[in-house]
Amino acid sequence: MKVLHLDTNHELLINQLNNLGFINDEDYTSSKDEIIAKIHQYDGFIIRSRFSIDKTFLDAATNLKFIGRVGAGLENIDCDYAESKDIYLISAPEGNRNAVGEHALGMLLSLFNKLNKADSEVRQGKWLREENRGIELDGKTIGLIGYGNMGKAFAKKLRGFDVTVLCYDIKDNVADENAKQVSLKELQQQADVLSLHTPETPLTTNMIDEAFISQFKKPFWLINTARGKSVVTKDLVSALQSGKILGAGLDVLEYEKASFESLFSSEMPEAFQYLIDSENVLLSPHVAGWTIESKEKLAQTIVDKIKAKFC
């Protein structure tokens, strides 16, 4: 079987596929149209987020048997159309779930203890102790929306704290020893912290808007290591200004391009400028699942799933 690699990944991916007898070609620079012109030659291809895989692309891939996405989600692929063509879809949420759980916890603790603000001030020669008095995580209720690989990983990280962890998911019976499954209304009544662990779907796009935020009984902290388009940024800013949201840790942004590889290319939105200037907002460039270890684990997961299906 011939496999086309469209993004660079850990070297073990190609090395192990070679050892399994696959023929591996690499093309990290050609345009999407150029790839479409030759994709019929391949039985499979592996991508991260370089471009979307739509019907036009899939119609050209007349010999395609599988698509491997080195990441957690498949939203850049027209999954329904691919599956109608009996194309096997592979993702690797197992590979970076631990990294995401650690990043979410790190963001939360940093916000609670004002670490980014304090660090910046000390570097400027300011020694403001009372102004940087933090709060403790113990005793808080953490609400997770989405309780798959990522949500479960974060809940596991919280086991060392004296906290209550609640989860809401569209699937039934996902709870485990680390989180109690509740209704969305109950989560909104009890949560001190809301952490998102959902894929990008019609249900989750623009989910965190003014109406949703207003349903929370208490002011709360928001962590988003999932997908940027789940949060309406202007509504988040309004909630930060009013104090309904106490602070936000955002690894993903509404303004990200579909490839996740860059931010907006036009004028900076006013709402984003507010986030940049806010001392109670922590930002990172979609790297929650982007560790040295996860790079290897993601690649290994893809290899293992290809091997299980085709070898």
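You'll find the structure just up there.
Residues numbered from 1 in each chain as written. Predicted model: local features only at pLDDT ≥ 70, side-chain atom pairs only at ≥ 80, totals over all residues. Heavy atoms only, no water.

The secondary structure content of the protein amounts to 12 helices and 12 strands. Its C-alpha radius of gyration of 21 Å places the protein within 12% of the 19 Å reference for a compact globule of 311 residues. Along the first, second and third principal axes, the C-alpha atoms of the protein reach 65 × 45 × 35 Å. Of the contacts made within the protein by residues no fewer than 6 positions apart, 61% connect residues no fewer than 24 positions apart. (Helix = DSSP H or I, 4+ residues; strand = E, 2+ residues; numbered from the N terminus. Rg over C-alpha atoms; globule rule 2.2 N^0.38 Å. Contact = heavy atoms within 4.5 Å.)

So, about the packing of aromatic side chains. Going through the model one piece at a time under the given rule, you end up with 8 aromatic pairs. Ring geometry for F112 and W221: centres 5.0 Å apart, planes at 55°, overall tilted. In this pair, F112 is assigned in helix 5 (residues 93–112) and W221 in strand 10 (residues 220–224), connecting sequence segments 109 residues apart. Centre to centre, the rings of Y255 and F272 are 5.9 Å apart; their planes meet at 65°, and the pair counts as edge-to-face. Of this pair, Y255 sits in the loop between strand 11 (245–250) and helix 11 (270–277) while F272 sits in helix 11, placing them 17 residues apart in sequence. Members of the aromatic cluster, each reached through a chain of ring pairs, are F45, F51 and F57. Sitting above the plane of the Y81 ring, K55 keeps its charged end 5.3 Å from the centroid. Directly above the aromatic system of Y88 lies the positively charged group of K309, at a separation of 4.9 Å from the ring centroid. (Phe/Tyr/Trp six-rings, centres within 6.5 Å; stacked < 30°, edge-to-face > 60°. Lys NZ or Arg CZ within 6 Å of the ring centre and 35° of its normal.)

The next thing to look at is the nonpolar core. Grouped together as the largest cluster of nonpolar side chains are 29 residues, with contacts concentrated most on L194, L196, L222, L236 and L275. At the level of secondary structure, the elements contributing two or more residues to this core comprise strand 9 (193–196), helix 9 (210–214), strand 10, helix 10 (233–242), strand 11 and helix 11. With 4 residues, the top contributor of residues to this core is helix 10. With near-sequence residues (within four places) excluded, L222 lies in contact with L194, L196, V231, L236, I245, G247, A248, G249 and L250. (Core = buried A, V, L, I, M, F, W, Y, C linked by side-chain atoms within 4.5 Å. Buried < 20%, exposed > 50% of the residue type's maximum accessible area, 1.4 Å probe, protein only.)

For the rest of this paragraph, the subject is the sheet that holds strand 6 (residues 141–145). In spatial order, the strands read 8-7-6-9-10-11-12; together these 7 strands make up an open sheet with parallel pairing. Lying at the two open borders of the sheet, with one neighbouring strand each, are strand 8 (180–181) and strand 12 (281–283). Bridging between strand 11 and strand 12 involves 3 bridges; their strand directions are parallel. Considered in strand 12, the bridge of A248 is made with V281. In this fold helix 7 (residues 149–157) packs onto strand 6, strand 7 (164–168) and strand 9, with an angle of close to 165° to the strand it touches most, strand 6. (Pairing = 2+ DSSP bridges. Axes fitted to C-alpha atoms, helices over the stretch in contact; angles between N-to-C directions.)

If you walk through the whole model with that rule in mind, you get 14 salt bridges. Salt-bridge contacts for D59 lead to K85; the nearest nitrogen and oxygen are separated by 3.3 Å. Highlighted residues: D59 in helix 3 (residues 55–60) and K85 in the loop between helix 4 (79–84) and strand 5 (88–90), separated in sequence by 26 residues. With a relative accessible area of 34%, K85 lands in the partly exposed category. (Salt bridge = Lys/Arg side-chain N within 4 Å of Asp/Glu carboxyl O.)

Two elements, strand 6 and strand 7, share 5 bridges in a ladder whose sense is parallel. Opposite L144, over in strand 7, you have C167 as the bridge partner. Handedness of the β-α-β unit built from strand 6, helix 7 and strand 7 comes out right-handed. (Right-handed = clockwise from strand over helix to strand, strands pointing away.)

Now for unusual backbone geometry. For K114, which is not a glycine, the phi torsion comes out positive at approximately 55°. Within the secondary structure, K114 sits in the loop between helix 5 and helix 6 (115–123).

Along the chain, D169 turns up in the loop between strand 7 and strand 8. Buried D169, no salt bridge; nearest opposite-charge side chain is K171, N-O distance 6.0 Å. Side-chain polar atoms of D169 contact the backbone nitrogen of Y147, separated by 2.7 Å. A polar contact of 2.8 Å, which involves the side chain of D169, links it to the backbone nitrogen of K171. Apart from residues lying up to four places away in sequence, D169 is in contact with G146, Y147, G148, V174 and Q181. (Lys, Arg positive; Asp, Glu negative; His and termini not counted. Polar contact = N/O pair within 3.5 Å; in protein donor to acceptor, adjacent residues only side chain to side chain.)

A word on the sheet that holds strand 4 (residues 66–69). With parallel pairing, the 5 strands of this open sheet are ordered in space as 2-1-3-4-5. Each end of this open sheet is capped by a strand with a single partner; those strands are strand 2 (23–26) and strand 5. Neighbour-to-neighbour, the strand axes of the sheet open up by a mean angle of 15°, direction not taken into account. Of the pairings in the sheet, the one linking strand 1 (residues 2–5) to strand 3 (residues 44–47) comprises 3 bridges and is parallel in character. Following the sheet pairing, H5 is matched in strand 3 by I46. Along the sheet, helix 1 (residues 11–19) contacts strand 1, strand 2 and strand 3; its crossing angle with strand 2, the most-contacted strand, is approximately 150°. Packed on one face of the sheet, helix 12 (residues 292–310) meets strand 3, strand 4 and strand 5 and runs near 155° to strand 5.

Bear in mind that shape data such as this cannot, by itself, settle questions of function.
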